[in-house]
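The primary structure of each chain is shown beneath.
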Amino acid sequence: MSIYDNYFLMQEKDVVSYVKEKLPDFFSKDASLTCKEIGDGNLNYVFRVIDDKNNKTIIVKQAAEELRISKEMKISTDRGRIEYEILKIQGDICPNMVPKVYLYDKTMCAFIMEDMIGHKMMRTALCEHEIFPKFADQCSTFLARTLLLTTDIVDEHKHKKEQVRRYINPQICEITEDLVYSEPYLNYNNRNNVFEPNLEFVQKELYADEALRLEVAKLKFDFMNNAQSLIHGDLHTGSIFINKEHSFFFDCEFACYAPMGYDIGNIMANMFFAWANGDATIQDKEHKEKFCNWCIDTIEQILDGFIVKFKDLYQTSVTDHMAKSKGFLDWYLQNVIADTAGVVGLELIRRTVGMANVKDLKLIEDEKARVRAERIIITYGKNCILNRKEFKNGFDFVVAMKKAIAKF
Ligand code: SR1
Ligand code: MG
């Protein structure tokens, strides 16, 4: 009998003995263990257990029934299992790019994983205007490999269908369908958080734009019905831990089979939030230019790197006979890039006016500067959604960003 035989939401004091019980050999016998809750996401509790004496740490992540962001929102605690299993899948596809996982406990809805020591949450680092020159290359590798290798182009079709069934995630997907693909354009549950001085702008540009709503509706039904790849499902800069040499991709509890452009567009949009924060808050002209140009270059290089790596990997790993037809790869990639553009727009808009706003914008203290930043983002986001089929490569995104920036 153990207190961990029945689910309860752990406090810091419980987690030390939890780790001792579940992973008795991880820390040495003389370890002096302490624990701190370090999560700052919207859903779960994340605990770091530290052995000061031997300089060793480990992470425990537990799912609560009520979400941290809103007590009224309840979703299945099975999401921990999904994240644990996806981390293993992605770790096989991209060795060393995701943290190692040690154990999943279905009773406590918790899993234990490697601590990403020496890495910082990417959003925090970006809000401090740090630059990571290797990120575009690392990220495009992660995207090309995890996304292509889980499609029907490569994966045996019966296996892929079994995976679709295994990772069908209705409650988690409902959050995305609602918070990304509906609420920002309707405010029908009154969940949007709009920055007051931009209220009129949002009403005109988002709530009253019927052409935009139609395009978002098309994207929503594609997200729900196109089980293209096993996507991460929430690949923003808070789901990445980084340093100058290395990136860890994690926090994949929103994983499901959906259009791969969802992941590519997500990270590209979140890099533009970093640009917006830098543009609005860095005082020194040279520093601002360096940081902001790096953000824009990174957005361009993520997509261009993805395209090159996807094409190379396709040649060596395609298994479906019909997918080898001349012209198929180019046709396929064109659709992926259009989906990517759509998601860049959706993510930009929902993180600006929706329920889960980003720190990059909230940290802009100067009212005028924040108003301008948000208007640039919404304008660029709308262009990405409405004209998504016209985007062909990274440079097309650079042109669209610069056009929106020049308008305000
Ligand atoms: C109710 S959860 C809000 C958001 O947090 C997660 O990071 C996902 O992006 C979700 O949409
Ligand atoms: Mg998350």
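Use the structure listed above.
What comes next concerns the included structure. (Residues numbered from 1 in each chain as written. Chains lettered and ligands numbered in written order. Predicted model: local features only at pLDDT ≥ 70, side-chain atom pairs only at ≥ 80, totals over all residues. Heavy atoms only, no water.)

What follows concerns the sheet that holds strand β8 (residues 240-242). Here we have three strands laid out as an open sheet, ordered β6-β8-β9, and antiparallel in their pairing. Single-partner strands in this sheet number two, and they are β6 (120-121) and β9 (247-249). Here β8 runs beside β9; their pairing, made up of three bridges, is antiparallel. The residue bridging I240 from the neighbouring strand is F249, located in β9. (Pairing = 2+ DSSP bridges. Helix = DSSP H or I, 4+ residues; strand = E, 2+ residues; numbered from the N terminus.)

Our next topic: unusual backbone geometry. A positive phi is found at N96, a non-glycine position, where the angle reads about 70 degrees. Of note, D251 is a non-glycine position whose phi angle comes to about 65 degrees, a positive value.

Another aspect to go through is the state of the cysteines. If you walk through the whole model with that rule in mind, you get zero disulfides. Not part of a disulfide, C139 finds its nearest cysteine sulfur in C94, a span of 10 Å. Judged by its relative accessible area of 0%, C139 falls in the buried class. Its sulfur unpaired, C252 is 11 Å from the next cysteine sulfur, which belongs to C256. (Disulfide = S-S within 2.5 Å. Buried < 20%, exposed > 50% of the residue type's maximum accessible area, 1.4 Å probe, protein only.)

A separate point is the nonpolar core. F135, F272, F306, Y380 and F397 are the most contacted members of the largest nonpolar core, which has 119 residues in total. Broken down by element, the residue count for this core peaks at 13 residues, all from helix α11 (residues 285-317). With sequence-adjacent residues up to four places away left out, Y380 is seen in contact with F272, V344, L348, F397, A400, M401 and A404. If you look at the next biggest cluster of nonpolar residues, it comprises 22 residues, including Y4, Y18, F47 and V60. (Core = buried A, V, L, I, M, F, W, Y, C linked by side-chain atoms within 4.5 Å. Contact = heavy atoms within 4.5 Å.)

Neighbouring ligand 1 are 13 residues, the closest being N42, L43, D234, R350 and R351. For ligand 1, an oxygen atom lies 2.6 Å from a polar atom in the side chain of D234. R350 is positioned with one of its side-chain polar atoms (N or O) 2.8 Å from an oxygen atom of ligand 1. Coverage of ligand 1 by the protein amounts to 96% of the 320 Å² it exposes when considered alone. Of all the secondary-structure elements, those providing two or more residues to the shell around ligand 1 are α6 (170-179) and α12 (328-353). Its residues assigned to classes, the shell around ligand 1 shows eight nonpolar, two polar and three charged. (Near = heavy atom within 4 Å. Polar contact = N/O pair within 3.5 Å; in protein donor to acceptor, adjacent residues only side chain to side chain. Areas by Shrake-Rupley, 256 points an atom, 1.4 Å probe, with all protein chains shown as cover. Nonpolar A, V, L, I, M, F, W, Y, C, P; charged D, E, K, R; others polar.)

Another point: the side chain of S182. Along the chain, S182 turns up in the loop between α6 and α7 (183-186). Other than its neighbours up to four places away in sequence, S182 contacts E177, Y188 and K220.

Our focus in this paragraph is the pairing of strand β5 (residues 110-114). Extensive coverage of β5 is indicated by the burial of five of its five residues. In the sheet, strand β3 (residues 56-62) pairs with β5 via five bridges, with the strands oriented antiparallel. Paired with I58 across the strands is E114, a residue of β5. In terms of strand pairing, strand β4 (residues 101-105) meets β5 through four bridges, oriented antiparallel. Looking at the pairing, D105 lines up with A110 of β5. Linking β4 back to β5 in an antiparallel pair, the connection comprises four residues, with C109 at a positive phi of about 50 degrees.

Now for the packing of aromatic side chains. Under the criterion given, the structure shown has 23 aromatic pairs. Judged by centre distance (4.5 Å) and plane angle (40 degrees), the ring pair of F391 and F397 falls under tilted. Per residue, the accessibility class of F391 equals that of F397, and both read buried. A connected cluster of aromatic rings, assembled from ring pairs, spans F306, F310, Y314, F328, W331 and Y332. We note R370 situated over the ring of F195; from NZ or CZ to the ring centre the distance is 4.0 Å. (Phe/Tyr/Trp six-rings, centres within 6.5 Å; stacked < 30°, edge-to-face > 60°. Lys NZ or Arg CZ within 6 Å of the ring centre and 35° of its normal.)

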